[in-house]
2 protein chains.
Amino acid sequence: MLEINALPNEEKKLTVSEYKGKSLTLLTDKGISVGDTIKISTSDNEFIAILMPRYESADENHIVVKLKSGYNIGIELSKIQFITKVDQRSYQNVSTNDSLLQIRRGGAQHDDWKKEPPPRIALISTGGTIASRIDYRTGGVHAALSASDLYASIPELVKHASIDPEVLLNEYSENLKPEHWTLIANKVSEKVRSGKYHGIIISHGTDTMHYTASALSFALQNLPIPVVLVGAQRSSDRPSSDAALNLIGATIFSVKSNYSGVFVAMHASSSDDVIACHIGTRVRKNHTSRRDAFESIDMMPVALVKGESVEMQPPQQRYVKLQERNNSGHNNFIVKSNFDSRVILLKYYPGFDPDLLSHSIMRSTYRAIILEGTGLGHVSRECIPKIQKAVESGMMVFMTSQCIWGRVRMTVYDTGRDLLDIGVIPLSDTLPETAIVKAMWVIANSNSTESAKKMMQENIANEMTTVTPIMDK
Amino acid sequence: MLEINALPNEEKKLTVSEYKGKSLTLLTDKGISVGDTIKISTSDNEFIAILMPRYESADENHIVVKLKSGYNIGIELSKIQFITKVDQRSYQNVSTNDSLLQIRRGGAQHDDWKKEPPPRIALISTGGTIASRIDYRTGGVHAALSASDLYASIPELVKHASIDPEVLLNEYSENLKPEHWTLIANKVSEKVRSGKYHGIIISHGTDTMHYTASALSFALQNLPIPVVLVGAQRSSDRPSSDAALNLIGATIFSVKSNYSGVFVAMHASSSDDVIACHIGTRVRKNHTSRRDAFESIDMMPVALVKGESVEMQPPQQRYVKLQERNNSGHNNFIVKSNFDSRVILLKYYPGFDPDLLSHSIMRSTYRAIILEGTGLGHVSRECIPKIQKAVESGMMVFMTSQCIWGRVRMTVYDTGRDLLDIGVIPLSDTLPETAIVKAMWVIANSNSTESAKKMMQENIANEMTTVTPIMDK
């Protein structure tokens, strides 16, 4: 039996009727509905493709189709010389409904699912490019789509799981704050405790997706199932969008991974074929625009999704500890979803003003400073008395490295030793971004400065590796 | 005729007599001087190696030798079963002097040099690991060696150039400030204007070497010869030191490069064979400890030094403009070596306190803010009114990306457009580290805020590429 997902009411409008004016007339004339396979000729090209849904503000002069390659393209009506419905091959069991969502709701099914119910995945949408569309007037991108729009845009998903979408937020991720991490963590917790899901996917803007992944890694401990964050570098109604493949990859990993925990799933390379799954505390957005912007730091990704198979990386490359999936229970699952944002990150550079470190506004506003020092964890000697003053006033001062790769080692040079002497705490290979999030979480979840300092030096969610990594870079 | 370098007086003490106590006795007994090729047996091993000089604070129980592989190793006297002088092969034309420096001064010469004088290179030492030694008591590393010590430690250099060393500073680079950039730029200028040199090498700590490289790139315009910064990730008296190969690579590049400008020369990979030469404004220290920590960002290195040959990268990978070397004159050479450090870098993260942007201490202390935003150049919408306030008060606000790779593009998303609207200036693919240095230089070298803003948006030293790079990552 196929699971029937109860979709929110506002999703029902996603039908072919969203095409308007000229494009609606053409499609109606030809008896073509969203989800149909169609053949189109233009002066340049001939395509076999699936008609995709369009969104509210779309103009009436284009239709959007998905090519076999997974790419969506927009085609100008005036360029279409020929268009016809080829078949409904992708949706054999379709009723006469013309809505893709109704199709899905009504009974699209993968062969395997005839034998047993499909794995059920919760999809929590928070916004971002993956849930956005291009404004064809300005060329800009707006947050707009809901989780279920997204699901509707990627018909292939139905093959792998039954997905329950829910819109939690609709924000570009640069606007997300620690309060949102709490909200997301609590929502994930609710889904986990329902016991209904094989995995949870969170669609998220890419700008701060690695910060949220870290936050959830600390907040959600002993997860019984995988929680996978996924985003897109190019919006889902754009020809070169990576949204579909990323979401499919996240779904396959959520269904098939033997490990639970918090992961980020994104393109592994610029070719549109492999999805890399990264540990939530050890991943960074390392490119402004490339589809493979997310990289595991100082290690390989945990898994690669190739086609429908999940290749776990060889164990020797995983010096981290991963927890086994436990579909049958969530007894050990612990949620500590509070964060205290009284943490400041200061990146050191030549000419950095040491007075900033001991300024009274620092002491009144923040409980901890994360230093992004140079090299193995250094700042200029002029900073040392000022840091000492900050430490003496009760602030916690932690050291990370702006090199990104490698680990802070403060016993090697005089500067490092002097900093250790005055109470600066080295965070080994904790990434600066992860260190900020961890400090916010630790402050909210500890009883004293001493216990907070201790927690910062302990490995909680693979953010700080205690053995020398095989992959040094 | 071989150039005779006038070395500072303090260098003369670098003789075998620096070995003391037991090690001095042993070496004197065997008639072995620094620079001699010797054969040593221990219980584990047998080496053919060159005896290296030792430094003031060294204990008397070790000698240091350089293996054929280029590695220096320390050998404990008590483990030596057999030691003998094999020959003075490396220094055929040596007088009876026992000092390596005297050897060099007295007449070591490369075959080619019999025909014409060797290329002359100025070596300016500023300190750092490359000019440091291990404290065998604590295991830590101290800044200690002078440029000429360094030269003495790497006998191979004599093959490639006649090197004039000068000690300008003796600082780990985390202690260097914009005032030091001015000092270094002025010293380089003096050497360039002397007309005596084929190239200039600056030995430098690696922590902020890329900041100094940027600073010199802006300060020294229309350089007629290459200026090459070089450092080491492991100190030169350590077995695994990269100092020798880096300095040899920097020397070969300085001698053979057809291009002038400011470059950084460091290991290209973790194997000890190829040196990469990076453009001064486009390089970053991307690992805390690896020897190949320095990487060109968004491009390939300009050149690779393999053995004694310099391979310039194919032109299609150089979308930057490099200036041809001009050994014959320095008429167009311009020095603008002042920097104004009233610039603050603020890296954005979720939970970042927007009030910091508009705080009065910001406005009284700084003239410009470099934002290290997320993704294509974003901060949260809560920051926007605060940034507006900063801009209205006369501060310049520039945007770079914490992604490191890629370029800021603020027209794509609402957040970016809003930031542009209030006067935030995007810096395309200028690296955050380079942007700080450039802003400090621009403020010191412009007449008005308007001209400063204009200069920040112009490409001055390949820091901002105007065409799409071939190598996207």
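Above: the structure in question.
Residues numbered from 1 in each chain as written. Chains lettered and ligands numbered in written order. Predicted model: local features only at pLDDT ≥ 70, side-chain atom pairs only at ≥ 80, totals over all residues. Heavy atoms only, no water.

Draft legend 1. The interface of chain B and chain A, seen in detail. Each side of the interface is counted separately: chain B has 70 residues, and chain A has 70 residues. Between chain B and chain A lies a buried interface of about 5,900 Å² when both sides are counted; carbon and sulfur atoms form 51% of it. In this structure, the connection of chain B to chain A is made through 8 salt bridges. With its nearest N and O atoms 2.6 Å apart, the salt bridge here joins Glu-382 of chain B to Lys-177 of chain A. Counting every contact that joins chain B to chain A gives 30 residue pairs in polar contact (both at pLDDT 80 or more). Of all the secondary structure elements, the ones that give two or more residues to the side of chain B that touches chain A are strand E8 (141-143), helix H4 (178-194), strand E15 (283-285), strand E21 (343-347), helix H8 (360-365), helix H10 (414-421) and helix H11 (432-444) of chain B. Grouping the constituent residues of the side of chain B that touches chain A by class yields 26 nonpolar, 23 polar and 21 charged. (Contact = heavy atoms within 4.5 Å. Buried area = accessible area lost by both parts, 1.4 Å probe. Salt bridge = Lys/Arg side-chain N within 4 Å of Asp/Glu carboxyl O. Polar contact = N/O pair within 3.5 Å; in protein donor to acceptor, adjacent residues only side chain to side chain. Helix = DSSP H or I, 4+ residues; strand = E, 2+ residues; numbered from the N terminus. Nonpolar A, V, L, I, M, F, W, Y, C, P; charged D, E, K, R; others polar.)

Draft legend 2. Examining the packing of aromatic side chains more closely. Tallied over the entire structure, the rule returns 13 aromatic pairs over all chains. Centroid distance Trp-181 of chain B to Phe-339 of chain B: 5.1 Å. Interplanar angle 75 degrees. Geometry classified as edge-to-face. Separated by 158 residues along the polypeptide, Trp-181 of chain B in helix H4 and Phe-339 of chain B in the loop between strand E20 (334-335) and E21 bring together distant segments of the chain. Among the residues examined, Trp-181 of chain B registers a relative accessible area of 0% and is labelled buried. Three or more aromatic residues joined by ring pairs make a cluster, and in this case those are Tyr-348, Tyr-349 and Phe-352 of chain A. (Phe/Tyr/Trp six-rings, centres within 6.5 Å; stacked < 30°, edge-to-face > 60°. Buried < 20%, exposed > 50% of the residue type's maximum accessible area, 1.4 Å probe, protein only.)

Draft legend 3. Local environment of the sheet that holds E21 of chain B. Residue and element names in this part refer to chain B. Spatially, the 4 strands line up as an open sheet ordered E21-E22-E23-E24, and their pairing is parallel. Because the sheet does not close on itself, it has two edges, and the strands there are E21 and strand E24 (425-426). Pairing of strand E23 (residues 396-401) with E24, which is carried by 2 bridges, proceeds in the parallel orientation. Each residue of the ladder has a partner; that of Phe-398, found in E24, is Ile-425. (Pairing = 2+ DSSP bridges.)

Draft legend 4. Looking closely at empty space enclosed by the protein. The full count for this structure, using the stated rule, is 12 cavities of 30 Å³ or more. Counted as a void, the largest cavity has a volume near 100 Å³. The wall of the largest cavity is formed by 15 residues, among which Tyr-413 of chain A together with Thr-129, Thr-206, Asp-207 and Lys-285 of chain B lie closest to the centre. Of the residues belonging to the lining of the largest cavity, the class tally is 4 nonpolar, 8 polar and 3 charged. (1 Å grid on protein atoms, 1.4 Å probe; cavity = no way out; pocket = protein on both sides within 12 Å on 5 of 7 lines; lining within 4 Å. Points joined across faces, edges and corners; volume = space filled by probe spheres on them.)

Draft legend 5. Structural context of the sheet that holds strand E24 (residues 425-426) of chain A. Residues and elements named next belong to chain A. Spatially, E21-E22-E23-E24 is the arrangement adopted by the 4 strands of the open sheet, whose pairing is parallel. What marks the edges here is a single partner per strand, and that holds for strand E21 (343-347) and E24. Pairing between E21 and strand E22 (residues 368-373): 5 bridges, direction parallel. Residue pairing across strands places Ile-344 opposite Ile-369, the latter belonging to E22. The sheet strands contacting helix H12 (residues 449-456) are E22, strand E23 (396-401) and E24, and the helix crosses E23 at an angle near 10 degrees. (Axes fitted to C-alpha atoms, helices over the stretch in contact; angles between N-to-C directions.)

Draft legend 6. Structural context of the environment of Leu-176 of chain A. Tracing the backbone through its elements, the reader meets Leu-176 of chain A in the loop between strand E9 (162-167) and helix H4 (178-194). Apart from residues no more than four positions distant in its own chain, Leu-176 of chain A is found in contact with Leu-169, Glu-171, His-204, Thr-208 and Thr-212 of chain A together with Tyr-348 and Pro-350 of chain B.

Draft legend 7. Summary view of the nonpolar core. Core analysis: the biggest nonpolar cluster contains 158 residues, and Ile-369 and Ile-387 of chain A together with Ile-369 and Ile-387 of chain B have the highest contact counts within it. With residues up to four places along the chain from it excluded, the contact list for Ile-387 of chain A reads Leu-357, Leu-371, Val-379, Val-397, Leu-419, Ile-422 and Val-424 of chain A. Among the nonpolar cores identified, the runner-up in size contains 33 residues, and Leu-123, Leu-157, Ile-201 and Val-305 of chain B belong to it. (Core = buried A, V, L, I, M, F, W, Y, C linked by side-chain atoms within 4.5 Å.)

Draft legend 8. Region of interest: the environment of Thr-42 of chain B. All names here are of chain B. When you line up the elements, Thr-42 lands in strand E1 (residues 37-42). Considering only alpha carbons, one finds Thr-42 and Pro-178, 136 residues apart in sequence, at a separation of 49 Å. The contact partners of Thr-42, leaving out residues within four places of it in the chain, are Phe-47, Ile-75, Lys-79, Ile-80 and Gln-81.

Draft legend 9. Spotlight on unusual backbone geometry. Residue and element names in this part refer to chain A. A positive phi angle, close to 50 degrees, is found at Ser-428, a residue other than glycine. Note on placement: Ser-428 falls in the loop between E24 and helix H11 (432-444). Residue classification places Ser-428 among the buried positions, given a relative accessible area of 18%.

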